[in-house]
Amino acid sequence: MAALRRDQLERALAYLISLAATLLTVFPILWLLTVSLKSQRDAFAVPPKLVFEPIADHFLGLLDKPGFVEAFRNSVIVTALGVAIAIVIAIFAAYSIHRFRFRGKQLFGVWLLLAYMLPEFLFIIPLFVLYQRIGWYDSHIGLAFAYQAHSLPFAVWLIRSFFREVPLELDDASRIDGCHHLGTLRHVYIPMAAPGIAATAILTAIWIWNELTIALSLTFSEAQTITVAVASFRGYTSINWGGMAAASVVAVLPMLLFAVVAQKYIVKGLTLGSLKG
């Protein structure tokens, strides 16, 4: 009887914690959505108006906002470029670290982790000077490569961990069959670690889409991303809260839907190591 009560108590506690975590994550999104559908007066009513007449003015105003549609398109382009560059380089780098022995291998692995932990603003000044000289400032390709300072170490570290779960017997068998290293990578490691690579690509895409500091510093108009466009609703003397809320909803919605659709790949990829027999 005591064991049954303890089990029920633990289950109830787990439900309460899950409910609290859900409310903490869902509430800001719901509040953002309601502000985007309220008039300026209703948005700041005290006490808050739970029943109101929704308006679409803030969303329609985004179409007339200079550069907003272009910023959304820029985010799509930069995210696709950034993910492609990171994943392609990370696959080869992770395989090299996993398969070959070379001097400073452990130190290189530690550096990857440290580089991932460094704040983004440390890279901005040297990249700004470099990009001004080579013509990559305010460009899609320049911004995509700038994001590699953070996303590439993250991708290499994750994909390397997935490659470590590939049985060495399969590696040896492919070499016996005459496969060179590129063939082994293509036919053994990539198919076996495909869920992990997909999860890495998804997480990298979410980070690039939401990044602001680097985009704000290395773009001006041609490559301005959606996060910078959202921040532009903040003026010197006032803030267009309704417009900013509507822009935030538009910025958050694609990645939110993307995460919901791709969550099974994320879970499958991140649990790849735990499923090893």
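Residues numbered from 1 in each chain as written. Predicted model: local features only at pLDDT ≥ 70, side-chain atom pairs only at ≥ 80, totals over all residues. Heavy atoms only, no water.

## Describing the overall build of the protein
Phase 1 of the analysis: Counting its regular elements, the protein contains 14 helices and 0 strands.
Phase 2 of the analysis: For the protein, the N- to C-terminal ordering of α and β elements is α-α-α-α-α-α-α-α-α-α-α-α-α-α.
Phase 3 of the analysis: At 23 Å, the protein has a C-alpha radius of gyration far larger than the 19 Å of a compact globule built from 277 residues.
Phase 4 of the analysis: For the protein, the spread of C-alpha atoms along the three principal axes comes to 75 × 75 × 30 Å.
Phase 5 of the analysis: Split into buried and exposed, the 277 residues of the protein put 36% on the buried side.
Phase 6 of the analysis: Total accessible area on the protein is roughly 17,000 Å²; 69% of this is exposed by carbon and sulfur atoms.
Phase 7 of the analysis: Distance between charge centres in the protein, computed from 21 positive and 16 negative side chains, equals 8 Å. (Helix = DSSP H or I, 4+ residues; strand = E, 2+ residues; numbered from the N terminus. Rg over C-alpha atoms; globule rule 2.2 N^0.38 Å. Buried < 20%, exposed > 50% of the residue type's maximum accessible area, 1.4 Å probe, protein only. Areas by Shrake-Rupley, 256 points an atom, 1.4 Å probe, with all protein chains shown as cover. Lys, Arg positive; Asp, Glu negative; His and termini not counted. Charge placed at Lys NZ, Arg CZ, Asp CG, Glu CD.)

## Here's the deal with the packing of helix α4 (residues 68-99) against helix α10 (residues 181-192)
Phase 1 of the analysis: Direction vectors running N to C along α4 and α10 enclose 100°, while the axes themselves pass 12 Å from each other. Taken together, the axis directions place α4 and α10 in an arrangement best described as roughly perpendicular. Judged by residue contacts, I91, F92, Y95, H98 and R99 of α4 engage H181, L182, T184, L185, Y189 and I190 from α10.
Phase 2 of the analysis: In terms of residue class, the contact of α4 with α10 is built from 7 nonpolar, 3 polar and 1 charged. (Axes fitted to C-alpha atoms, helices over the stretch in contact; angles between N-to-C directions. Parallel < 35°, antiparallel > 145°, perpendicular 65-115°, else oblique. Contact = heavy atoms within 4.5 Å. Nonpolar A, V, L, I, M, F, W, Y, C, P; charged D, E, K, R; others polar.)

## As for unusual backbone geometry
Phase 1 of the analysis: In this structure, D138 takes a positive phi of about 60° despite not being glycine.
Phase 2 of the analysis: With respect to the helices and strands, the residue D138 is situated in the loop between α6 (124-134) and α7 (140-146).

## A short note on the pattern of salt bridges
Phase 1 of the analysis: Scanning the entire structure with this criterion turns up 1 salt bridge.
Phase 2 of the analysis: One salt bridge in this structure joins D42 and K49, with 3.2 Å as the shortest N-O distance.
Phase 3 of the analysis: The partly exposed category is assigned to K49, whose relative accessible area is 34%. (Salt bridge = Lys/Arg side-chain N within 4 Å of Asp/Glu carboxyl O.)

## Notes on α6
Phase 1 of the analysis: For α6, the set of buried residues is I124, L127 and Y131. Taken end-on, α6 shows its buried residues confined to a sector of 65°, consistent with a single buried face. Turned more than 90 degrees away from the buried face of α6 sit I125 and R133, all of them exposed.
Phase 2 of the analysis: Tucked inside the fold, the buried residues of α6 contact α7 and α12 (213-218). (Arc of directions from axis to C-beta.)

## Considering the nonpolar core
Phase 1 of the analysis: Formed by 35 residues in total, the largest nonpolar core has its most connected members in I159 and F163.
Phase 2 of the analysis: Listing elements by their share of this core, those giving two or more residues are α4, α6, α7, α8 (148-163), α10, α11 (194-210) and α12.
Phase 3 of the analysis: Within the second largest apolar cluster, 13 residues are counted, among which are W209, V230, A246 and A247. (Core = buried A, V, L, I, M, F, W, Y, C linked by side-chain atoms within 4.5 Å.)

## Overview of empty space enclosed by the protein
Phase 1 of the analysis: Following the criterion strictly, the structure yields 1 cavity of 30 Å³ or more and no others.
Phase 2 of the analysis: Taken as a whole, the largest cavity spans an internal volume of roughly 40 Å³.
Phase 3 of the analysis: Around the largest cavity, the lining residues are S75, V78, T79, Y147, I208, W209 and T225.
Phase 4 of the analysis: Of all the secondary structure elements, the ones that give two or more residues to the lining of the largest cavity are α4 and α11.
Phase 5 of the analysis: Among the elements that make up the lining of the largest cavity, the one with the highest residue count is α4 (3 residues).
Phase 6 of the analysis: Here the lining of the largest cavity is composed, by residue class, of 4 nonpolar, 3 polar and no charged. (1 Å grid on protein atoms, 1.4 Å probe; cavity = no way out; pocket = protein on both sides within 12 Å on 5 of 7 lines; lining within 4 Å. Points joined across faces, edges and corners; volume = space filled by probe spheres on them.)

## Brief notes about the domain arrangement of the protein
Phase 1 of the analysis: Taken domain by domain, the protein consists of domain 1 (2-36) and domain 2 (57-276).
Phase 2 of the analysis: Domain 1 and domain 2 are separated by 31 Å when their C-alpha centres are compared.
Phase 3 of the analysis: Buried surface at the junction of domain 1 and domain 2, both sides included, amounts to about 520 Å², of which 84% is carbon and sulfur.
Phase 4 of the analysis: Connecting domain 1 to domain 2 are 0 salt bridges.
Phase 5 of the analysis: Connecting domain 1 to domain 2 are 0 residue pairs in polar contact (both at pLDDT 80 or more). (Domains from an automatic or database assignment. Buried area = accessible area lost by both parts, 1.4 Å probe. Polar contact = N/O pair within 3.5 Å; in protein donor to acceptor, adjacent residues only side chain to side chain.)

## With respect to a nonpolar patch on the surface
Phase 1 of the analysis: Judged by side-chain polarity, F100, F102, F108, V110, W111, L113, L114, Y116, M117 and W157 come together as a nonpolar surface patch covering roughly 930 Å² of accessible area.
Phase 2 of the analysis: No other element matches helix α5 (residues 105-117), which puts 7 residues into the nonpolar patch.
Phase 3 of the analysis: Looking at where Y116 falls in the secondary structure, it is placed in helix α5.
Phase 4 of the analysis: Under the relative-accessibility criterion, Y116 is labelled partly exposed at 32%. (Patch = residues over 30% accessible without salt bridge, like charges linked within 9 Å, V, L, I, M, F, W, Y side chains within 5 Å.)

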